[in-house]
Amino acid sequence: GLIIPLGELVLRMVCEQMSLWHAGELSPPRVAVNVSGRQLRRPEFLATLCSVLEETGCRPGWLELEVTESDILHNAEPAIATLHDIRAMGIALSLDDFGTGYSSLSYLKRLPIETLKIDRSFIDGLPADGNDKAIVEAILAMGQALGIKVLAEGVETRPQADFLEVAGCFEAQGYLFSRPVDVDSLTSMLRKRTAVSE
């Protein structure tokens, strides 16, 4: 029963940090925040989201909300309506763990998502596992046909990254690029990046 207050706390912390970075003339990439289906189905979620943005000074374009397929498809209609309202606010949406749940294509075409995230369970076996290769290539082809970006999760090796690049997947996350870091470390990384670009 803690996901509602915990989810709001995390959302607020992220929005506050994004505003601090931008006030310090740093340019972080968009930050994704996981949102549960229980949060999405609450009638007051949109009002809470608007309040957090207003109180923290965070712009909608700095934020991405990440939802899982199985969370949405349980009592889907209210969640889908809320996602359309969120997208209309200018907040990006991504679908996490794609391919591990229901994978309902009839719902996928109705979701206002910008990014499909390929679950790491399909990345682990790359490039040797033929089934993983086929699944990843199919998801990439579907994303391209629907005009949806595809991001690979859990990329840990250079051969995985090389396969994905050749296959047409140009966004990825995982330990190959960085381990999780705390706010201070990330702030230092952003400062260095800003200094280099200047």
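Scroll up a little and you will see the structure.
Quick summary incoming for the structure in this document. (Residues numbered from 1 in each chain as written. Predicted model: local features only at pLDDT ≥ 70, side-chain atom pairs only at ≥ 80, totals over all residues. Heavy atoms only, no water.)

## Some words on the overall build of the chain
Formally: Where helices and strands are cited, they refer to DSSP runs of H or I of at least four residues and of E of at least two residues respectively, numbered from the N terminus. Note on method: radius of gyration uses C-alpha positions; expected globular size equals 2.2 Å times residues raised to 0.38. Accessible area is worked out with a 1.4 Å probe on protein chains only. A residue is then buried under 20% of its type maximum, exposed over 50%, and partly exposed in between. Any two residues having at least one pair of non-hydrogen atoms within 4.5 Å are treated as being in contact. Only the protein chains shown count as cover for residues, with accessible areas throughout obtained via the Shrake-Rupley method and a probe of 1.4 Å. Neither His nor the chain ends is counted toward charge; the positive residues are Lys and Arg and the negative residues Asp and Glu. Here the site of a charge means NZ on Lys, CZ on Arg, CG on Asp, or CD on Glu.
Summing up its helical and strand segments, the chain has nine helices and six strands in all. Scaling as 2.2 N^0.38, a compact globule of 198 residues should have a C-alpha radius of gyration of about 16 Å, and the chain matches this with 18 Å. A principal-axis box enclosing the C-alpha atoms of the chain has dimensions of 50 × 45 × 30 Å. Residues counted as buried form 40% of the 198 residues belonging to the chain. Counting only contacts in the chain whose residues sit at least 6 apart along the sequence, the fraction spanning at least 24 positions is 66%. On the chain, roughly 10700 Å² of surface is accessible, and the fraction owed to carbon and sulfur atoms is 54%. Once the 18 positive and 28 negative side-chain charges of the chain are each reduced to a mean point, those two points are 2 Å apart.

## Thoughts on the pairing of strand S5 (residues 149-152)
Short version of the rule: A pair of strands is treated as paired once DSSP finds two or more bridges between them. Here, the term right-handed applies to a crossover whose path from the first strand over the helix to the second runs clockwise when the strands point away from the viewer.
Pairing of strand S4 (residues 115-118) with S5 involves four bridges; the strand directions are parallel. Residue pairing for S5: Leu116 is matched across the bridge by Val150. In the classification by handedness, the crossover that spans S4, the intervening helix H7 (residues 130-146) and the parallel S5 is right-handed. Here S5 pairs with strand S6 (residues 171-172) via two bridges, running parallel. Bridged to Leu151 within S6 is Glu171. Viewed along the sheet, the connection from S5 through helix H8 (residues 158-167) into S6 turns out right-handed.

## Quick notes on the sheet that holds strand S1 (residues 31-34)
Rules: Lines fitted to C-alpha atoms define the axes here, with helix axes fitted over just the stretch in contact, and angles between the N-to-C directions of these axes take values from 0 to 180 degrees.
Spatially, six strands are ordered S1-S2-S3-S4-S5-S6 in an open sheet, and the strand pairing comes out parallel. If you trace the sheet from one side to the other, it starts and ends with S1 and S6, each paired once. Bridging between strand S2 (residues 63-68) and strand S3 (residues 92-98) involves five bridges; their strand directions are parallel. Its bridge partner lying in S3, Val67 is registered against Leu95. Relative to the sheet, helix H1 (residues 3-23) contacts S1 and S2, its axis offset from that of S1 by approximately 170 degrees.

## Quick notes on the nonpolar core
How we decide: Put simply, a nonpolar core is a bunch of buried Ala, Val, Leu, Ile, Met, Phe, Trp, Tyr and Cys residues held in one set by side-chain atoms that sit within 4.5 Å of each other.
Within the largest apolar cluster, 50 residues are counted, with the highest numbers of intra-cluster contacts made by Leu63, Leu65 and Leu116. When sequence neighbours within four positions are dropped, the list of residues in contact with Leu116 reads Leu95, Phe98, Leu108, Ile139, Met142, Ile148, Lys149, Val150 and Leu151.

## Quick look at helix H5 (residues 76-88)
Applicable threshold: Here a helix's expected span is defined as the number of its residues, less one, multiplied by 1.5 Å. For this quantity, the arc is that covered by the directions from the helix axis to the C-beta atoms.
If you check H5, its first and last C-alpha atoms are 18 Å apart, about what 13 residues at 1.5 Å a residue would give, namely 18 Å. All of the buried residues in H5 are Ala76, Ala79, Ile80, Thr82, Leu83 and Ile86. For H5, the angular spread of the buried residues around the axis is 165 degrees, confining them to a single face. Buried residues along H5 sit in contact with helix H2 (37-40), helix H3 (45-56), S2, helix H4 (69-73), S3 and helix H6 (105-108). One or two steps after H5, the chain reaches Gly90, where phi turns positive at roughly 100 degrees.

## Points about the pattern of salt bridges
The criterion, for reference: The salt bridge criterion pairs a side-chain nitrogen of Lys or Arg with a carboxyl oxygen of Asp or Glu, the two atoms within 4 Å.
The final tally for this structure, using the stated rule, is 14 salt bridges. Here Glu55 makes a salt bridge to Arg12, at a shortest N to O gap of 2.7 Å. Taken together, the residues Glu55 in helix H3 and Arg12 in helix H1 connect sequence positions 43 residues apart. Given a relative accessible area of 56%, Glu55 falls into the exposed group. Here Arg158 makes a salt bridge to Asp162, at a shortest N to O gap of 3.6 Å. In this pair, Arg158 and Asp162 both sit in helix H8, four residues apart, roughly one turn of the helix. Of the residues examined, Arg158 reaches a relative accessible area of 45% and is grouped as partly exposed. Residue Asp162 is classed as partly exposed on the basis of its relative accessible area of 35%. Beyond isolated ion pairs, a larger network of salt bridges with shared partners links Arg30, Glu64, Arg87, Glu114, Lys149 and Glu171.

No statement about biological role is implied by the geometric values presented.
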